[in-house]
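Analysis of the macromolecular model
This is what each chain is made of:
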Amino acid sequence: MKHFLEILKNIVISIRIKQWLKNFFVFIPLVFSQLLFNKWAFWTVTKTFIIFCLISGAIYLINDVIDKEKDKKHPLKSKRPIASGALSPKVALIFSFIFLTLALFFAFKINLILGGILVFYLLWNILYSFYLKNIVLVDIFAVSVNYLLRVYAGASSISVAVSPYLFLMILTLSLLVSSGKRKEELLLLDEGAVNHRSVLREYNQLLLDQLVIFSSILTTTIYLLYTVAPETVAKFGTYHLIYTTPLVLYGVMRYLYLVTVKKQGAPTEAFTSDKPLFFSVLLWGIISVLIIYFKI
């Protein structure tokens with residue numbers, strides 16, 4: 001019994017629950033389709049969130065098995081259960097299979113489109129692990145696709161469309177955080193970066209700085225255009241969404257500060273550990289809901 005509990009403990013560590021914050025992207029279409037307070041829609045997207053937690057946990061286990069030897073050379077990842085030897089790769093793959101089976105079963109139960117997105121998400125991440133992560137710039141775009149798939153999964157689960165503005169905002173935002181994470185890796189690992197992630201030999205600080213700035217400008221510009229677009233004003237019945245732009249600008253600027261000064265580019269860690277960034281995003285969410293649903 002003690003051994004089984006130890007295995008469960010290491011599984012919980014390996015599926016990286018903190019990273020499940022990324023899965024909240026499935027709720028974005030729910031909010032902006034004005035269905036947040038619709039019980040059926042909210043429960044359906046919540047189930048989609050749980051499904052993505054299952055499949056992302058399964059993928060983390062698979063990735064840790066694949067990257068076991070490389071992770072041993074990383075100052076932080078070497079402490080992960082599989083890399084450290086605390087969790088057997090065979091056991092990890094068994095749990096991964098269980099999580100995958102549950103995720104796919106419940107996804108197809110909601111609808112075929114969501115099931116198809118989940119299958120693509122799985123195949124895309126396998127392709128990333130074996131091939132795409134080794135191609136300069138493509139690796140950043142490949143990670144960004146995962147954020148987009150979460151948004152489209154949330155939308156498909158309740159049969160709503162993803163607007164072109166939302167597509168572009170999520171794309172540029174995800175490119176920003178993916179570039180920031182690469183910058184953090186390059187700074188953290190220094191000369192040992194290539195041993196951990198071979199594609200890092202193709203990057204340097206100047207390029208990553210330019211990618212981060214380029215993506216941040218695009219993200220804020222697209223959001224600003226979205227708030228004043230005639231279709232946005234017509235849809236929500238108010239032009240007040242533009243008043244959320246200072247929070248968006250501050251959030252992006254704060255992230256740039258974390259990446260360049262604090263050398264903290266991983267999005268989940270930045271969001272959970274930096275109170276100004278966390279509360280700026282939280283406040284943006286609350287004010288956006290008040291504007292969209294209560295026309296303040």
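This section reports on the structure supplied with the text. Note that the structure is predicted; figures quoted are calculated from it, not measured.

The rules we used
- Residues numbered from 1 in each chain as written.
- Predicted model: local features only at pLDDT ≥ 70, side-chain atom pairs only at ≥ 80, totals over all residues.
- Heavy atoms only, no water.
- Phe/Tyr/Trp six-rings, centres within 6.5 Å; stacked < 30°, edge-to-face > 60°.
- Helix = DSSP H or I, 4+ residues; strand = E, 2+ residues; numbered from the N terminus.
- Buried < 20%, exposed > 50% of the residue type's maximum accessible area, 1.4 Å probe, protein only.
- Salt bridge = Lys/Arg side-chain N within 4 Å of Asp/Glu carboxyl O.
- Patch = residues over 30% accessible without salt bridge, like charges linked within 9 Å, V, L, I, M, F, W, Y side chains within 5 Å.
- Areas by Shrake-Rupley, 256 points an atom, 1.4 Å probe, with all protein chains shown as cover.

1. A closer look at the packing of aromatic side chains
Counted under the stated rule, the structure contains 19 aromatic pairs. For the ring pair Phe-120 and Trp-124, a centre distance of 5.8 Å and an interplane angle of 20° mean the geometry is stacked. Taken together, the residues Phe-120 and Trp-124, both in helix α7 (residues 112–130) and four residues apart, mark about one turn of the helix. Residue class for Phe-120 comes out partly exposed when judged on its relative accessible area of 40%. Within the aromatic cluster, the residues linked to one another by ring pairs are Phe-32, Tyr-165, Tyr-223, Tyr-226, Phe-236 and Trp-284.

2. Things to note about the pattern of salt bridges
The final tally for this structure, using the stated rule, is seven salt bridges. In this structure, Asp-64 and Arg-80 form a salt bridge, with 3.4 Å as the shortest nitrogen-oxygen distance. With Asp-64 in helix α3 (residues 39–66) and Arg-80 in the loop between α4 (68–71) and α5 (81–84), this pair connects stretches of sequence that are 16 residues apart. Relative accessible area serves as the criterion here: at 2%, Asp-64 is assigned to the buried category. Close ionic contact of Asp-139 with Arg-182 constitutes a salt bridge, the shortest N to O distance being 2.6 Å. With Asp-139 in helix α8 (residues 138–157) and Arg-182 in helix α9 (residues 164–189), this pair connects stretches of sequence that are 43 residues apart. The burial state of Asp-139 is the same as that of Arg-182; both residues are buried. Each of Arg-16, Asp-64 and Arg-80 takes part in one network of salt bridges that share partners.

3. Concerning a nonpolar patch on the surface
On the surface, a cluster of nonpolar side chains totalling about 770 Å² of accessible area is made up of Phe-37, Phe-278, Phe-279, Leu-282, Ile-286, Leu-290, Phe-294 and Ile-296. When you line up the elements, Leu-290 lands in helix α15 (residues 275–294).

4. What to know about the environment of Ile-117
Take Ile-117: it is sitting in helix α7. By relative accessible area, Ile-117 is classed as buried at 13%. It is 32 Å that separates the C-alpha atoms of Ile-117 and Asp-274, two residues lying 157 residues apart in sequence.

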